[in-house]
Each structure stands twice: as C-alpha cells, then as structure tokens.
Amino acid sequence: MSPSEKTSREGVIAGLSAYLMWGFLPAYFVLVREVPPTEVLAHRVLWAVPFGALIVVFRKQWPEVGRAFTHRGMLAWLSLSTLFIALNWFVYIWAIQDGRIIETSLGYYINPLTNMLAGFLFFHERLSRLQLLAVLFAIIGVSILTISGGVVPWVALALAISFTIYATVRKRVVIGGMPGLFVETVLLLPFAAVWVAYLWSIDGLTFGGPNNSLNFWLLMAGPVTALPLLCFALAARRLSLTTIGFMQFLAPTLQFGTGIYFGETLTTAHVVCFGFIWTAVAFFIFDAIRSAKKKPLMTESPGA
C-alpha cells in the first residue's frame, strides 16, 4: 500500500469514527436524561477541559492555545464563538431529553445549507443553480412542517443557525479544531464551575450521588465531546473536502434512526418535510461531485 493510500484509508476511518460518534450522540444524552440539561452542559464543559488538555499535549498544540489567549482579536472572536457553541449544546441536550431527536436531525440536515447561505452573505461565495435549488427545497420542507404542525420547528432552526454562526465566526480565527475547542471550554469553565457549586450548595447536584452508573456517564461527557472532534481533525487533514462533505450527512441520518428507535412519532408532515430535505441533500451531493471533477481536490481543511 502506497503512503497516499494509507493516508486516505486512515482519513476514512477517522472521518467515519467522528460522524458515527456524532450520529449516536443522542443515545448518550438519553442515558443521562434524569439530569437537568443545565447540569449536563456544565459537566460537558468541566470534563472536556482536562480531556482536551491531554489531547492538546499529545498533539503538541500548546503554541496555538497560547497564541489564542495572548492575541486580543483572536480571543474576542473565540469568546463570540463560545457563546454560540454553548447555545447550540444547550438546545441539543434539552431537545434530546425532551424527546425531539428527530427534530435535531432535521437541524443538522439543514446546517450545510445554512452554511452555504452564510458563505454567500458574508464571504461573497457564489451559489450554483443546484445549490440554490437545494436551499429552496429545504425552505419548502421546513415550511410544510411549520404549516402542517402549526408550530415552527424552532429546535431544528436554532441548531442549524447557531452552528452556522459558530462556524462563520470560527472561520475568522486561524486555529485548529481541537485547540479552538479547548480554548472555548476553558472560557466556559468558570460559568460551569459556578453553576455546579450552586447546585451543590442547594443540594440539587445529581453528580456524586449514589447512582455510580450515572456518575460514570457524566464523567464521560469530556471524551464524548472531544473525541469526535479529534477524529474529524485527523480526517480533515487526510481527505478532500468533498469526501468530508459527503460524510457529514451520516450523523443526522443516524440521529434520525436513533429517534425512531427511541419511539419518537414520525408524522406525515415529517415524512414530507424530510423528503424535501433529502432531495436538497441529493442536489448538494450531486453539485459537490460535479464541482470536484472540475478542480483538484483539497487534502487539508484550513484550521483543522
């Protein structure tokens, strides 16, 4: 096997690992469903910091972390991205605990399309006809679900929009995925620590109770948060952006299946909506394949 083939295979394994972990992530939050979402979010931050630090040390990325904390402009942008990733995490945790896994999957199907719109609006990226058609089909699908159900699917929209804003902000910061996440969790650490201390003071802290299994799963919030991003960073350096683009739809597909497994109701409106969304995804993938044939494939993701 040639070095390039070995690198590509490693990239595929890392990429699939990342999206498999993200795809089955709802199952983790179902396991800790009895813990309030604010406490789950706090533990996600608390345990992601030491676990993330180990990864940063192992990958020798402390210079990137140090530069982020000493560069005012970079720290300001990362503070803003921290706000939106915290919002995204909270909505995601709350939605899963509230039995809305299918709606969270809708949000992450929409996300690549909202990313395209952000690229068009903020970075003057041109949208092809197929991309515009994909966005139109997504809008039609969400509109059908809204009109039929009488309620805006705000969870899906909140997840898609908050993560798009997060990605747009992070695009302005030259920092790797893992060091960036470490800085963001460090910025959130004081708030998480204060909240856990407050819960402890009013005897409302779940962690540390007699349920050892639950204590273990809350400790695992660190690896659950950091490991998928580490795998993604490894994959992004070894695979083309087109390949990564295809893989990104694996996670919401698995989330959708997880929602069905846990007994969530799939209404006719959901079926029609997802039909339009999956058609939009097909347009997105076809356009990506066509574009890849016209230009050389990139093998490294900027800032990964």
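The written sequence of each chain sets the order in which its residues are numbered from 1. Local features in this predicted model are restricted to residues of pLDDT 70 or higher, and side-chain atom pairs are both shown and tallied only at a pLDDT of 80 or more, whereas totals for entire chains, interfaces and linings draw on every residue. Water and hydrogen atoms play no part in the side-chain values, which are based on all heavy atoms of the structure.

Let's talk about the nonpolar core
Logical step 1: Ranked by internal contacts, the top residues of the largest apolar core, which has 38 residues, are Tyr-28, Phe-29, Val-32 and Tyr-92.
Logical step 2: Listed by contribution, the elements that provide at least two residues to this core are α2 (25-31), α3 (37-58), α5 (72-97), α6 (101-122), α8 (154-170), α9 (177-201), α10 (212-219) and α11 (221-236).
Logical step 3: We call two residues contacting when some pair of their heavy atoms lies within 4.5 Å. Other than its neighbours up to four places away in sequence, Val-32 contacts Val-40, Gln-97, Leu-214, Trp-217 and Leu-218.
Logical step 4: Among the buried residues, those of types Ala, Val, Leu, Ile, Met, Phe, Trp, Tyr and Cys that are joined through side-chain atoms within 4.5 Å form a nonpolar core. Whether a residue is buried, partly exposed or exposed follows from its accessible area with a 1.4 Å probe, protein chains only, as a fraction of its type maximum: under 20%, in between, or over 50%, in that order. Of all hydrophobic cores here, the second largest spans 23 residues; its members include Ala-138, Leu-145, Ala-160 and Phe-256. Working definition: helices are DSSP H or I runs of at least four residues, strands are E runs of at least two. Numbering for both runs from the N terminus.

What to know about the packing of α10 against α11
Logical step 1: Between α10 and α11, whose axes approach to 4 Å, the crossing angle comes to 30°. By the angle between their axes, α10 is roughly parallel relative to α11. On α11, the residues that touch Trp-217, Leu-218 and Leu-219 of α10 are Ala-221, Gly-222 and Pro-223.
Logical step 2: When residues are sorted by character, Ala, Val, Leu, Ile, Met, Phe, Trp, Tyr, Cys and Pro go into the nonpolar class, Asp, Glu, Lys and Arg into the charged class, and all the rest, Gly among them, into the polar class. Among the residues forming the contact of α10 with α11, the class breakdown is 5 nonpolar, 1 polar and no charged. Axis lines are fitted to C-alpha atoms, over the contacting stretch for helices. Their N-to-C directions set the angle, which ranges from 0 to 180 degrees. Oblique is the label for any angle not under 35 degrees, not over 145, and not in the 65 to 115 range, which are roughly parallel, roughly antiparallel and roughly perpendicular in turn.

Digging into unusual backbone geometry
Logical step 1: Of note in this structure, Lys-60 is not a glycine but carries a positive phi near 55°.
Logical step 2: Tracing the sequence through the fold places Lys-60 in the loop between α3 and α4 (62-70).
Logical step 3: On the basis of relative accessible area, Lys-60 is assigned to the exposed category, the value being 72%.
Logical step 4: Unlike most non-glycine residues, Asp-203 shows phi in positive territory, near 60°.
Logical step 5: Residue position: Asp-203 is located in the loop between α9 and α10.
Logical step 6: The exposure class assigned to Asp-203 is exposed, which follows from its relative accessible area of 73%.

Quick notes on the side chain of Thr-185
Logical step 1: Inspection of the secondary structure assignment puts Thr-185 in helix α9.
Logical step 2: According to the relative accessible area criterion, Thr-185 is buried, its value standing at 2%.
Logical step 3: Ignoring any residue separated from it by four or fewer positions in sequence, one finds Thr-185 in contact with Val-45, Ala-48, Val-49 and Trp-89.

A closer look at the pattern of salt bridges
Logical step 1: The term salt bridge refers to a side-chain nitrogen of Lys or Arg lying within 4 Å of a carboxyl oxygen of Asp or Glu. Applying the stated rule across the entire model yields 3 salt bridges.
Logical step 2: Ionic pairing is found between Glu-103 and Arg-100, a salt bridge with its closest N-O pair at 3.8 Å.
Logical step 3: For Glu-103, a relative accessible area of 15% puts it in the buried group.
Logical step 4: Two residues, Glu-184 and Arg-170, come together in a salt bridge whose shortest N-O distance is 3.1 Å. Here the residue Glu-184 occupies a position in helix α9, and Arg-170 occupies one in helix α8, the gap between them amounting to 14 residues.
Logical step 5: The network of salt bridges with shared partners includes Asp-98, Arg-100 and Glu-103.

Limitation: the analysis is restricted to geometry and does not speak to function.
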